[in-house]
Amino acid sequence: MTPPPTRTFVCPECRRSIEVDDAMQATLLETGCVVCGAPVTEEDIGGAPTMG
């Protein structure tokens, strides 16, 4: 089974970086950074998805 494509999220506040899939991207946009709670925009989640 192929892993889902991911993107890199970099928090604009705490600068933590994590790989996220589509479901996690939606969660970040809705609830904010999982580390510090800062609001997240589409621009904070980088580029085209890469295959994990």
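Report on the accompanying structure.

### Overview of the nonpolar core
Piece 1. If you look at the biggest cluster of nonpolar residues, it comprises eight residues: F9, C11, V20, L28, C33, A38, V40 and I45.
Piece 2. Once residues lying within four places of it in the same chain are set aside, the contact partners of C11 are R16, C33, C36 and A38.

### Regarding helix α1 (residues 22–31)
The α-helix winds at 3.6 residues per turn, so residues separated by three or four positions along the chain end up facing the same way.
Piece 1. Near the N-terminus of α1, the side chain that reaches the backbone nitrogen of A23, with its oxygen 3.2 Å away, is that of D21.
Piece 2. G32 lies just past α1 and shows a positive phi near 95°.

### A closer look at unusual backbone geometry
Piece 1. For R15, which is not glycine, the phi torsion reads 65° and is therefore positive.
Piece 2. Structurally, the position occupied by R15 is in the loop between β1 (5–10) and β2 (17–20).

Definitions and cut-offs
- Residue positions are given per chain, counting from 1 as you read along its sequence in written order.
- Since the coordinates come from a predicted model, pLDDT governs what is reported: local features require at least 70, and pairs of side-chain atoms require 80 or more to be given and counted, while whole-chain, interface and lining totals use all residues.
- Think of the side-chain values as coming from all heavy atoms in the structure, minus any hydrogens and water.
- Here, nonpolar core means buried Ala, Val, Leu, Ile, Met, Phe, Trp, Tyr and Cys residues that are tied together by side-chain atoms lying within 4.5 Å of each other.
- Each residue's exposure class comes from its accessible area (1.4 Å probe, protein chains only) as a fraction of the maximum for that residue type: buried when under 20%, exposed when over 50%, partly exposed otherwise.
- Residues count as neighbours in contact if any of their non-hydrogen atoms are within 4.5 Å of one another.
- In the analysis that follows, any N or O atom pair within 3.5 Å is treated as a polar contact, provided that within protein one partner can donate a hydrogen and the other can accept it, and provided that, for residues neighboring in sequence, both atoms belong to side chains.
- In this text, helices come from DSSP runs of H or I with a minimum length of four residues, and strands from runs of E with a minimum of two, each type numbered from the N-terminal end.

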